[in-house]
Structure formats: C-alpha cells, structure tokens
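Spelled out, the chains give:
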Amino acid sequence: NVLVVHPSVPAKTVQELVALVRANPGRHNYAQPGTGTTPHLSGELFRLTFKLDIVNVPFNGAGPAVASAVGNQTPIAFIALPPAAPHIKSGALRALAVTSARRAATLPEVPTMAESGAPDQEAETMQGVLLPAGTPREIVDRLQREIVRVVALPAVKERLAGLGFESVANTPDFS
C-alpha cells in the first residue's frame, strides 16, 4: 500500500502531513478503496497512531478512490500500490510513503512509513489463489507447481514488478 497526496497538498513528507492535519482538525479526509481493505486499515492505523481528526472516505474499489485523489476531491489517499503507481509516476499523485517493511522495487525513491518517522505502520495487500476445502492433494500440488513456474517467467515477473507486486510463490501448506 502507499500513502499518496494530490500535488496541491503542501505536505511533502509523512511528518509534514501529520502536522498539516493536526493544524486543521476536521478539515481533511482520506480516500480508501473499501471498508475492511488493507488500505482502509492503513489509514485508520495512521489516524489512531497520530491521533488525527481526519475523515475516512470509503470508495467502492481502488479505481474510484484513485480518481477522487487525482481529481482532488479527497486529496489524501491510502491505496494499494498497483493502481496508484501510474499516477505517482505521471505526477498526478505524490507518494509520501509505502506501508511495506521495504521500499517498493517499482518506486525505490519512496520511503517506507518507518523511514518517514511513522514506525509500526506496516500493511500490505496480498493476492492469492484459493481452492475449495477437500480439493485432492494431487490437484493442489500440480496447481502450486504451475503457479510457481508461471510466476518465475521473466515476462510475468517483469509485469508484476511493473504493477508494484513482489511475487512470492510459496507452499500451499498453512500448518
């Protein structure tokens, strides 16, 4: 996930954003793609940690949330990196920090929240493949092998990295 602001927002860092919101209680809001999503939880963790009077504006998906931030209706947003990255790269949005433990390979110049003076703000959006309970083990194992093979293909790795994903094809075991 990534914390972004519209270019009109004067804050250039996470700490400047905290100061801006604190200086103007109740006058700022942030977009997020849906109640209960990791970007929403990132925004709420941020709000609670810094005791900010900022309004959560839930949207029905990342597209509308990003559009609202780009259009300056909600000039602050917590968004998953893939839908935000093109707008960051174009300058339509300014990334203040990623919420992962490490900097994102697709935006290496953007610091982590911890590097920005906001420790314990890690939150990532994960993608996965789920199967019905009771799926035969041979099918689970074959599907896992094929996913690992496909994710390792250079074109797939490059495409995923370009979208801001770090591909991890690991075991289907949760025990």
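Here the structure is shown first, and the text comes after it.
Because the structure is predicted, anything quoted here is derived from the model rather than measured. (Residues numbered from 1 in each chain as written. Predicted model: local features only at pLDDT ≥ 70, side-chain atom pairs only at ≥ 80, totals over all residues. Heavy atoms only, no water.)

Focus on the packing of aromatic side chains
Selection rule: What counts as a ring pair is set by centres within 6.5 Å for rings of Phe, Tyr and Trp (its six-membered ring), and what kind of pair is set by the plane angle: stacked under 30 degrees, edge-to-face over 60, tilted for all other angles. Under the DSSP-based scheme used, a helix requires at least four consecutive residues in state H or I and a strand at least two consecutive residues in state E, with every element numbered from the N terminus. The buried label applies to any residue whose accessible area, calculated with a 1.4 Å probe on protein chains only, is under 20% of its type's maximum; exposed applies above 50%, and partly exposed to all values in between.
A complete count under the given rule lists 3 aromatic pairs for this structure. Geometrically, the ring pair formed by Tyr30 and Phe78 is edge-to-face, given 5.6 Å between the ring centres and 80 degrees between the ring planes. You can see Tyr30 sitting in strand S2 (residues 28-32) and its partner Phe78 sitting in strand S4 (residues 76-79), a full 48 residues away along the chain. The pair formed by Tyr30 and Phe78 is uniform in burial state, with each residue classed as buried. An aromatic cluster is present here, built from Tyr30, Phe46, Phe50 and Phe78 joined pairwise through their rings.

Observations concerning the sheet that holds S2
Which entries qualify depends on this criterion: For two strands to count as paired, DSSP must find a minimum of two bridges between them. For helices, the fitted line uses only the C-alpha atoms of the stretch in contact; every axis is such a line through C-alpha atoms, and the angle between N-to-C directions lies from 0 to 180 degrees.
The 5 strands lie next to each other as S3-S2-S4-S1-S5, forming an open sheet whose pairing is mixed. In this open sheet, the two strands that pair with only one neighbour each are strand S3 (54-58) and strand S5 (94-98). Neighbouring strand axes in the sheet, compared pairwise and without regard to direction, differ in orientation by 25 degrees on average. Relative to S4, S2 is paired through 2 bridges, and the arrangement is parallel. Residue pairing for S4: Tyr30 is matched across the bridge by Ile76.

Topic: a nonpolar patch on the surface
The criterion, for reference: A residue counts toward a patch only above 30% relative accessible area and without a salt bridge, and it is joined to like-charged neighbours within 9 Å or, for Val, Leu, Ile, Met, Phe, Trp and Tyr, to nonpolar neighbours within 5 Å. For every accessible area listed, the method is Shrake-Rupley and the probe measures 1.4 Å; residues are considered covered only by the protein chains on display. The rule for a salt bridge is simple: a side-chain nitrogen of Lys or Arg has to be within 4 Å of a carboxyl oxygen of Asp or Glu.
Residues Val129, Leu131 and Leu143 make up a contiguous nonpolar surface patch of roughly 230 Å² in combined accessible area. Relative to the helices and strands, Leu131 resides in the loop between S5 and helix H5 (137-151).

Considerations on the side chain of Glu44
We count it as follows: Pairs of residues are marked as contacts when any of their non-hydrogen atoms sit within 4.5 Å.
Tracing the chain through its elements places Glu44 in helix H2 (residues 38-49). A relative accessible area of 16% means that Glu44 is categorised as buried. In this structure, Glu44 is in contact with Tyr30 and Asn56, ignoring residues within four places of it in sequence.

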